Amino acid sequence: MTSTEIEKLVEKQREYYRSGATIPVSFRVEQLKKLYNAVKKYESEINEGLYKDLGKSSFEGFMCEVGLVLSEISFLLKNIKKFAKRKRVHTPLAQFASRSFIQPIPYGNTLIMSPWNYPFLLTVEPLADAIAAGNTAVVKPSAYSPATSGVVQKIITECFPPEYVAVVTGGRNENSALLEQKFDFVFFTGSKSVGKEVLRNTAEHLTPTVLELGGKSPCIVDKTADISLAAKRIVFGKYLNCGQTCVAPDYILCDKSVKDEFVSQVVKQIKLQYGEKPLENKNYGKIISEKHFSRICSLIDKSKVVFGGDINEKSLQIAPTVMDNVTENDAVMREEIFGPLMPVLTFDNFDSVVDELKLKEKPLALYLFTNDKNHKKRVVREISYGGGCINDVIIHLATTEMGFGGVGESGMGSYHGKAGFDAFSHYKSVVDKKTWIDLPMRYSPYEGKMYEKLLHIFLK
């Protein structure tokens, strides 16, 4: 799509929003139901797309993408009337007689830019939030996941007219053309480097923006942890989608006294979950592109590999890999891995770990495996990170009851459930003043001690 075509599309959506068609809650409910039914209808095609792009099995596709989208839409349908209602708030005596309320309204014309690692979930879930809040939307899926993006385009085209919701496919040229347009709200999920570019462009129009980025999410395993259970859960979260998950545990910080046991249990769990030869496991996925495959391979230090390290250049697969005796100076620690490599670092003082993490960039997620109550308190209260789990990984994002998002270098803003509706809404504060009385104390001339005393009373 050319820049001119994109400009015309955005203008048509702007006109459609101005018509007021998206405002009634009944309209939003109808559109969410259409989307829900279309996702159910094309579930098999979605799974096929996910397999072509990332090698995801149908079970993983439903567990991590389709099922979560259906759950989000169901939650919104159940709660949208409550979310969209104005909320009455207390009116101070100084504003007598009046009624005060907060009214959520749509931002208007929105842009949703999604990544390739969860190409269905991270496109359609924010779209559902945008629809529930009453916006129009231009959806820009990733060019790296063309099969899934094609199904997304098919679903959206079937459900909605382009002046309401439209898909723009393509690569950098289309991204640039979209970011040149003035939207009322932009929602971006992707890398930190691209997120900076998005923010630079939206700043030109002072457009509010949510950035869902990433970073090196640490996973701490202390000496009080259930080591076998920790290994089981960490292996699941680390190698899910071949490590191409923004909240995957990026690296392990393990107490030196239990490190050998932990590594042994991790190797055991890899074999249990993926088999002796993971690259022959039909349910084990692949890296999205040759570019990312080569980048991840360059992070492997063979001298520190204690398990895995096998690759298949033709299928773009890298086996679940464990690297021991890793230091902060190793290549694998200098960037977000976003692949199936598990570097293990050690510590012998928990307090030092907490202090060091405070100095690092704020990660999207942090995980702690422990049975020590004081360790739990310190990590939750003192370290800044987007979200996380105690004695598990990843599952904090799979709920509609909590917002999900980053902080600092890992992003800004959050969504999921009510937080998703809020992200795509502006909360307008309104005072509805009555006309049957008009207190004179606020008007000039300001003379007379009685008025001054009354004003002090009213404003207390």
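For the structure itself, look to the data block above.
Description of the structure in this document.

About the cut-offs
- Counting starts from 1 at the beginning of each chain's written sequence and moves along it residue by residue.
- In view of the model being predicted, local features appear only for residues whose pLDDT reaches at least 70, and side-chain atom pairs are presented and counted only at 80 or more, with totals across whole chains, interfaces and linings using the full set of residues.
- For the side-chain quantities, the full set of heavy atoms in the structure was used; hydrogens and water were omitted.
- Both site types are read off a 1 Å grid over the protein atoms alone. A 1.4 Å probe that fits but cannot get out defines a cavity, while an open set with protein on both sides within 12 Å along at least five of seven lines defines a pocket; lining residues have an atom within 4 Å of a point.
- Grid points are joined across faces, edges and corners, and a volume is the space filled by probe spheres set on the points.
- Helix and strand labels come from DSSP, where a helix needs a run of H or I of at least four residues and a strand needs a run of E of at least two; each type is numbered from the N terminus.
- We define the nonpolar core as a collection of buried residues of types Ala, Val, Leu, Ile, Met, Phe, Trp, Tyr and Cys that are connected through side-chain atoms lying within 4.5 Å of one another.
- Accessible area is worked out with a 1.4 Å probe on protein chains only. A residue is then buried under 20% of its type maximum, exposed over 50%, and partly exposed in between.
- The contact rule is simple, with two residues in contact once any of their heavy atoms fall within 4.5 Å.
- A pair is scored as a salt bridge if a Lys or Arg side-chain nitrogen falls within 4 Å of a carboxyl oxygen belonging to Asp or Glu.
- Residue count minus one, scaled by 1.5 Å, sets the expected span of a helix.
- Under this scheme, a helix contributes an axis fitted over its contacting stretch, all axes are lines through C-alpha atoms, and angles between N-to-C directions fall in the 0 to 180 degree range.
- Working definition: roughly parallel below 35 degrees, roughly antiparallel above 145 degrees, roughly perpendicular at 65 to 115 degrees, and oblique for all remaining angles.
- When residues are sorted by character, Ala, Val, Leu, Ile, Met, Phe, Trp, Tyr, Cys and Pro go into the nonpolar class, Asp, Glu, Lys and Arg into the charged class, and all the rest, Gly among them, into the polar class.
- Two strands qualify as a pair provided that DSSP identifies no fewer than 2 bridges between them.
- Crossover handedness is defined here as right-handed if the route from the first strand over the helix to the second strand goes clockwise, with the strands pointing away from the viewer.

**Comments concerning the layout of surface pockets**
Of the voids in this model, the second largest pocket is the one considered here, and its volume is about 380 Å³. Forming the boundary of the second largest pocket are 25 residues, of which Cys64, Leu68, Leu121, Leu397 and Ala398 lie nearest the centre. Only α4 (58–84) and α5 (121–133) provide two or more residues apiece to the lining of the second largest pocket. By residue number, the principal contributor to the lining of the second largest pocket is α4, which donates 5 residues.

**Some words on the nonpolar core**
Counting residues in each nonpolar core, the largest one holds 118 residues, and the members touching the most others are Ile220, Ile234 and Phe262. Not counting chain neighbours up to four residues away, the residues in contact with Phe262 comprise Val221, Ile227, Ala231, Ile234, Ile252, Cys254, Met342 and Val344. Among the nonpolar cores identified, the runner-up in size contains 17 residues, and Leu9, Ala177, Leu178 and Val198 belong to it.

**Overview of the pattern of salt bridges**
In total, this model carries 21 salt bridges according to the counting rule given. The salt bridge partner of Glu11 is Arg18, with a shortest N-O separation of 3.8 Å. Taking relative accessible area as the criterion, Glu11 reaches 31% and is therefore assigned partly exposed. Here Asp422 and Lys418 are joined by a salt bridge, their closest N and O atoms 2.9 Å apart. You can see Asp422 and its partner Lys418 sitting in helix α14 (residues 417–423), 4 residues apart, about one turn around the helix.

**Notes on the environment of Ala21**
By the secondary structure assignment, Ala21 is in the loop between α1 (3–18) and α2 (25–41). Expressed as a C-alpha distance, the spacing of Ala21 and Gly134, which sit 113 residues apart in the sequence, is 8.9 Å. In contact with Ala21, other than residues within four places in its own chain, are Tyr16 and Phe27.

**What about helix α9 (residues 227–239)?**
Between its first and last C-alpha, α9 extends 18 Å over 13 residues, near the 18 Å set by a 1.5 Å rise per residue. Taken residue by residue, α9 has Ile227, Ala230, Ala231, Ile234, Val235, Gly237, Lys238 and Tyr239 as its buried positions. Looking at the packing, one finds that the buried side of α9 touches β8 (218–221), β9 (251–255), α10 (259–274), β13 (321–323), β14 (341–347) and β15 (365–369). The positive-phi residue at the C-terminal boundary of α9 is Asn241, with phi of around 55°.

**Details of the packing of helix α12 (residues 350–359) against helix α13 (residues 373–382)**
Axes are the key here: two packed helices are described by the angle between their axes and the distance separating the axes. Interaxial distance between α12 and α13 falls to 11 Å at its minimum, and their mutual angle equals 10°. What the angle tells us is that α12 and α13 run roughly parallel. Between α12 and α13, the residues in contact are Phe350, Asp351, Val354, Asp355 and Lys358 and His375, Arg378, Val379 and Glu382, respectively. Its residues assigned to classes, the contact of α12 with α13 comprises 3 nonpolar, 1 polar and 5 charged.

**Regarding the sheet that holds β8**
The strand order across the open sheet built from 7 strands is β10-β13-β14-β9-β8-β15-β16, with neighbouring strands paired in mixed fashion. The open sheet is flanked by β10 (305–307) and β16 (387–390), the only strands paired with a single partner. Averaged over all pairs of adjacent strands, the angle between strand axes in this sheet comes to 25°, irrespective of strand direction. Relative to β13, β10 runs antiparallel, the two sharing 2 bridges. Bridged to Phe307 within β13 is Val322. The strands touched by α13 within the sheet are β8, β15 and β16, with β15 carrying the most contacts at an inclination of about 175°.

**A short note on the sheet that holds strand β1 (residues 87–89)**
Reading across from one edge, β1-β2-β20 is the order of the 3 strands in this open sheet, with antiparallel pairing throughout. Every interior strand has two partners, whereas the edge strands, β1 and β20 (425–433), have only one. The sheet shows a mean angle of 30° between the axes of neighbouring strands, taken without regard to direction. Note: β1 against strand β2 (residues 98–106), 3 bridges, orientation antiparallel. What sits directly across from Lys87, in β2, is Ile102.

**Remarks on empty space enclosed by the protein**
Tallied over the entire structure, the rule returns 2 cavities of 30 Å³ or more. Forming the boundary of the largest cavity are Gly215, Lys238, Gly243, Thr245, Cys246, Ala248, Asp250, Glu336, Ile337, Phe338 and Gly339. Residue composition of the lining of the largest cavity, by class: 4 nonpolar, 4 polar and 3 charged. The space that makes up the second largest cavity amounts to roughly 40 Å³. The wall of the second largest cavity is formed by Leu178, Leu179, Gln181, Phe183, Val186, Asn201, Thr202, His205 and Thr207.

**As for the environment of Val167**
Mapped onto the secondary structure, Val167 falls in strand β5 (residues 165–167). For Val167, a relative accessible area of 11% gives the class buried. Linking Val167 and Lys140, residues 27 residues apart in sequence, is a C-alpha distance of 5.9 Å. Not counting chain neighbours up to four residues away, the residues in contact with Val167 comprise Val139, Pro141, Val152, Gln153 and Ile156.

**Describing unusual backbone geometry**
With omega at -5°, the peptide bond leading from Phe96 into Ala97 counts as cis. With phi around 55°, Leu206 is a residue other than glycine that occupies positive phi space. Note on placement: Leu206 falls in the loop between α8 (192–204) and β7 (209–212). For Leu206, a relative accessible area of 75% puts it in the exposed group.

**Brief notes about the pairing of strand β3 (residues 109–113)**
Counting buried residues along β3, 5 of its 5 residues qualify, which places the element largely inside the surrounding structure. The side-chain alternation of β3 yields two buried faces, one formed by Asn109, Leu111 and Met113 and the other by Thr110 and Ile112. Two strands pair when backbone bridges link them, and β3 and strand β4 (residues 136–140) are joined in this way by 5 bridges, in the parallel orientation. Across the sheet, residue Asn109 finds its bridge partner in β4, namely Thr136. Crossover connection from β3 via α5 to parallel β4: handedness right-handed. Here β3 pairs with strand β6 (residues 185–189) via 4 bridges, running parallel.

Interpretation in functional terms is not warranted from these geometric data alone.
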